[in-house]
Each structure stands twice: as C-alpha cells, then as structure tokens.
Amino acid sequence: MTHQEQLQALMVRIDALEQRERQLTYASNAYQAILTTLLGILDKPTRDRVINMVDQAHDLAYAKANLEQKGNILGADDITQRIFLFAQGRAAQSK
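Residues numbered from 1 in each chain as written. Predicted model: local features only at pLDDT ≥ 70, side-chain atom pairs only at ≥ 80, totals over all residues. Heavy atoms only, no water.

S.K.: Mind laying out the pattern of salt bridges, listing which residues take part and the relevant values?
M.R.: One pass over the full model with this rule turns up one salt bridge. The salt bridge partner of Asp48 is Lys44, with a shortest N-O separation of 2.7 Å. Of this pair, Asp48 and Lys44 both sit in helix α2 (residues 44–64), four residues apart, which is roughly one turn of the helix. Under the relative-accessibility criterion, Lys44 is labelled partly exposed at 46%. (Salt bridge = Lys/Arg side-chain N within 4 Å of Asp/Glu carboxyl O. Helix = DSSP H or I, 4+ residues; strand = E, 2+ residues; numbered from the N terminus. Buried < 20%, exposed > 50% of the residue type's maximum accessible area, 1.4 Å probe, protein only.)

S.K.: Tell me about a nonpolar patch on the surface, residues and numbers included.
M.R.: A cluster of nonpolar residues, Tyr31, Ile34, Leu35, Leu38 and Ile41, forms a patch on the protein surface that exposes about 550 Å² of accessible area. By the element assignment, Tyr31 lies in helix α1 (residues 3–41). (Patch = residues over 30% accessible without salt bridge, like charges linked within 9 Å, V, L, I, M, F, W, Y side chains within 5 Å. Areas by Shrake-Rupley, 256 points an atom, 1.4 Å probe, with all protein chains shown as cover.)

S.K.: So what's going on with the packing of aromatic side chains? Residues and values would help.
M.R.: Enumeration over the complete set of coordinates arrives at zero aromatic pairs. The ring of Tyr62 carries the charged tip of Lys70 above its face, separated from the ring centre by 5.0 Å. (Phe/Tyr/Trp six-rings, centres within 6.5 Å; stacked < 30°, edge-to-face > 60°. Lys NZ or Arg CZ within 6 Å of the ring centre and 35° of its normal.)

S.K.: Residues and numbers for α2, please.
M.R.: With 21 residues, α2 extends 30 Å from end C-alpha to end C-alpha; this agrees with the ideal 30 Å at 1.5 Å per step. Among the residues making up α2, those that are buried are Arg47, Ile51 and His58. Relative to the axis of α2, the buried residues are bounded by an arc of 30° and lie together on one face. Set apart from the buried face of α2 by more than 90 degrees, the exposed residues are Pro45, Met53, Leu60, Ala63 and Lys64. (Expected span 1.5 Å × (residues − 1). Arc of directions from axis to C-beta.)

S.K.: Summarise α1; cite the residues concerned and give the values.
M.R.: Working note: α-helix, 3.6 residues per turn, so residues spaced by three or four point in the same direction. Compared with an ideal rise of 1.5 Å per residue, which puts 39 residues at 57 Å, α1 spans 57 Å between its outermost C-alpha atoms and is within 8% of the ideal. When α1 is considered as a whole, its buried residues turn out to be Gln32, Thr36, Leu39 and Gly40.

S.K.: An account of the nonpolar core is requested, with residue identities and associated values reported.
M.R.: Within the largest apolar cluster, five residues are counted, these being Leu39, Ile51, Ile83, Phe84 and Ala87. Looking at this core, the element that brings in the most residues is helix α3 (residues 67–94), giving three residues. Among residues more than four places away in sequence, those in contact with Ile51 are Phe84 and Gln88. (Core = buried A, V, L, I, M, F, W, Y, C linked by side-chain atoms within 4.5 Å. Contact = heavy atoms within 4.5 Å.)

S.K.: Lay out the environment of Thr36 in plain terms, naming residues and giving numbers.
M.R.: Considering the arrangement of structural elements, one finds Thr36 in helix α1. For Thr36 and Glu5, which are 31 residues apart along the polypeptide, the C-alpha to C-alpha distance reads 46 Å. Engagement of the side chain of Thr36 in a polar contact is seen with the backbone oxygen of Gln32, the distance being 2.7 Å. (Polar contact = N/O pair within 3.5 Å; in protein donor to acceptor, adjacent residues only side chain to side chain.)

S.K.: For the environment of Arg13, give the residues involved together with the corresponding values.
M.R.: Mapping Arg13 onto the fold places it in helix α1. Given a relative accessible area of 62%, Arg13 falls into the exposed group. When the C-alpha positions of Arg13 and Tyr62 are compared, they lie 34 Å apart, and in sequence the two are 49 residues distant.

Listed below in structure tokens is the structure:
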C-alpha cells in the first residue's frame, strides 16, 4: 500500500470517527435535555429523592467497579451532576 493509499484510508477512518463523535454528542445532548426536563418538573421532595437514589447507585457501582469501570463511572457522574444542578436551578426558578 502506498503512502497516498494509507493516507486516504486514514482520512476515511478519521471521517467515520468524527461522524460517530457527532452522533454521540447529539444523543448525549438529547438525553441531558430529557432528564433535565423530567427532573425540572418534579416537586422538590421527589426530585431530591430521585437524585439521592442515583447518587447511592453511583456509590454502589463505583465500589464494585474495576479500574477501567471506575473511570467510566466518574465520567458519567460528571455529566449526571451537571444535569442535577441544572434541574435543581431550573426548578427553583420556576417556583
């Protein structure tokens, strides 16, 4: 395979990875919007109870996880915390 062919194959793979990244970003944004909306319309005691349950589930999963899984859980937790903070702020503003 020539350098030009290798470069072309690499560019095709890069394009595919960039498309996949865009799809994942769209899906993530959609899930965040849905979860934020759902949490935002709950009354404060129910919302706090849901958040507490998710935090407990996170703690249990993290305690049982291997090193790779712990990294994934921490990454997901950052997103989840942003959703919770936004939902709490949004709900507080609407009352």
